[in-house]
Amino acid sequence: MDENTFTENFNNQGWPSKTFLCYMVERLDDENTATPLDEYKGFVRNKGRDQPGEPCHAELYFLGQIRSWNLDRNQHYRLTCFISWTPCYNCAQKLTTFLKENHHISLHIFASRIYTVDDSGSRQSGLCALQAAGARITIMTSKDFERCWVTFVDHKEKPFQPWEGLEVKSKKLCEELQAILRAQQN
DNA sequence: ATTTTCAAT
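- Going by the annotation in an unreviewed UniProt entry, the name recorded for chain A is DNA dC->dU-editing enzyme APOBEC-3G, with Ovis aries given as the source organism.
- Per its UniProt entry, chain A bears the Sequence similarities (unreviewed entry) comment "Belongs to the cytidine and deoxycytidylate deaminase family."
- Quoted verbatim from the Catalytic activity (unreviewed entry) field of UniProt, the annotation for chain A is "a 2'-deoxycytidine in single-stranded DNA + H2O + H(+) = a 2'-deoxyuridine in single-stranded DNA + NH4(+)".

### Observations concerning the overall build of chain A
- For chain A, the count of helices and strands is six helices and six strands.
- Counting helices and strands in the order they occur from the N terminus, chain A gives α-β-β-β-α-β-α-β-α-β-α-α.
- Since a compact globule built from 186 residues should have a radius of gyration of about 16 Å, the 16 Å found for chain A is in line with a globular shape.
- C-alpha extents for chain A along the principal axes are approximately 45 × 45 × 40 Å.
- Burial analysis of chain A (186 residues in total) assigns 46% to the buried set.
- Of all intrachain contacts in chain A linking residues separated by at least 6 positions in sequence, the fraction that spans at least 24 positions is 74%.
- Accessible surface, chain A: about 10,300 Å² in total, of which carbon and sulfur atoms supply 46%.
- Measuring between centres, the 22 positive side-chain charges of chain A sit 5 Å from its 24 negative side-chain charges.

### Section: the packing of aromatic side chains
- Tallied over the entire structure, the rule returns 14 aromatic pairs.
- Taken together, a centroid distance of 4.9 Å and an interplanar angle of 70 degrees make the contact between F145 and W163 edge-to-face. Separated by 18 residues along the polypeptide, F145 in helix α5 (residues 142–152) and W163 in the loop between α5 and α6 (166–183) bring together distant segments of the chain.
- Relative accessible area serves as the criterion here: at 15%, W163 is assigned to the buried category.
- Among the aromatic residues, those joined into a ring-pair cluster are F6, F10, F145, W149, F160 and W163.
- The ring of F152 carries the charged tip of K41 above its face, separated from the ring centre by 6.0 Å.
- Sitting above the plane of the W85 ring, R113 keeps its charged end 4.2 Å from the centroid.

### Comments concerning the environment of T96
- With respect to the secondary-structure elements, T96 resides in helix α3 (residues 89–101).
- The exposure class of T96 is buried, given its relative accessible area of 5%.
- Residues T96 and L37, 59 residues apart in the sequence, show an inter-C-alpha distance of 23 Å.
- Residues contacting T96, with those up to four places away along its chain left out, are G126, A129, L130 and A133.

### Some words on the packing of α3 against helix α4 (residues 125–132)
- Where α3 meets α4, the closest approach of the two axes is 8 Å, and the angle between their N-to-C directions is 15 degrees. On the basis of their axis angle, the class for α3 and α4 is roughly parallel. Here the hand of the crossing between α3 and α4 comes out left-handed. Across from Y89, A92, L95, T96 and L99 in α3, the residues of α4 making contact are S125, G126, L127, A129 and L130.
- Looking at the contact of α3 with α4 residue by residue, the classes come out as seven nonpolar, three polar and no charged.

### Notes on the pattern of salt bridges
- Scanning the entire structure with this criterion turns up four salt bridges.
- The salt bridge involving E8 is made with K18; its shortest N-O contact spans 3.4 Å. You can see E8 sitting in helix α1 (residues 3–10) and its partner K18 sitting in the loop between α1 and β1 (20–28), a full ten residues away along the chain.
- D154 is the salt-bridge partner of K156, the closest N and O atoms lying 3.2 Å from each other.
- According to the relative accessible area criterion, K156 is exposed, its value standing at 58%.

Cut-offs and rules
- Residues numbered from 1 in each chain as written.
- Chains lettered and ligands numbered in written order.
- Predicted model: local features only at pLDDT ≥ 70, side-chain atom pairs only at ≥ 80, totals over all residues.
- Heavy atoms only, no water.
- UniProt positions renumbered as here; feature names shortened; annotations may be inferred.
- Helix = DSSP H or I, 4+ residues; strand = E, 2+ residues; numbered from the N terminus.
- Rg over C-alpha atoms; globule rule 2.2 N^0.38 Å.
- Buried < 20%, exposed > 50% of the residue type's maximum accessible area, 1.4 Å probe, protein only.
- Contact = heavy atoms within 4.5 Å.
- Areas by Shrake-Rupley, 256 points an atom, 1.4 Å probe, with all protein chains shown as cover.
- Lys, Arg positive; Asp, Glu negative; His and termini not counted.
- Charge placed at Lys NZ, Arg CZ, Asp CG, Glu CD.
- Phe/Tyr/Trp six-rings, centres within 6.5 Å; stacked < 30°, edge-to-face > 60°.
- Lys NZ or Arg CZ within 6 Å of the ring centre and 35° of its normal.
- Axes fitted to C-alpha atoms, helices over the stretch in contact; angles between N-to-C directions.
- Parallel < 35°, antiparallel > 145°, perpendicular 65-115°, else oblique.
- Left-handed = near helix turned anticlockwise from the far one by under 90°.
- Nonpolar A, V, L, I, M, F, W, Y, C, P; charged D, E, K, R; others polar.
- Salt bridge = Lys/Arg side-chain N within 4 Å of Asp/Glu carboxyl O.

Here's what the structure looks like:
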């Protein structure tokens, strides 16, 4: 992805009305050593209401990609994704179902910001269910932004440049997410 | 202490 797309969408101070999701896959061997599978690396974005056809959240395109790979059920894989907004309730549900049906796949989600539109009256229970199904969900820290930059951005050899307030915002969101994930456990 | 959110008033 180009530099501007990254900055516009992943800057944790912003509020873009679209979502990008970068994904990468690693195969894990018996010693838990990870081998990157670069052929499955990429990113998707949602389809908005301004575009033709039915709107679609980024996560559903992501799920479509994963299914199309038909990853070997006798192996174990780790999917890592960097997403600019945390999944909404419905997407979280779909990811949860997917993980329950695909025990050979682990999911790590690094999110830039917390999406708090309450689209089902259920608050953030979708994220809790997703975590309960084995996903790891965390807020992107400076290190994660840098990894995303290095891995997915056409950075032209430029190093990642943190923006003003990145750390403070990240810490704050992290606390919020912890509260969300903790609150619904009982 | 806050609140703009995969839009739409």
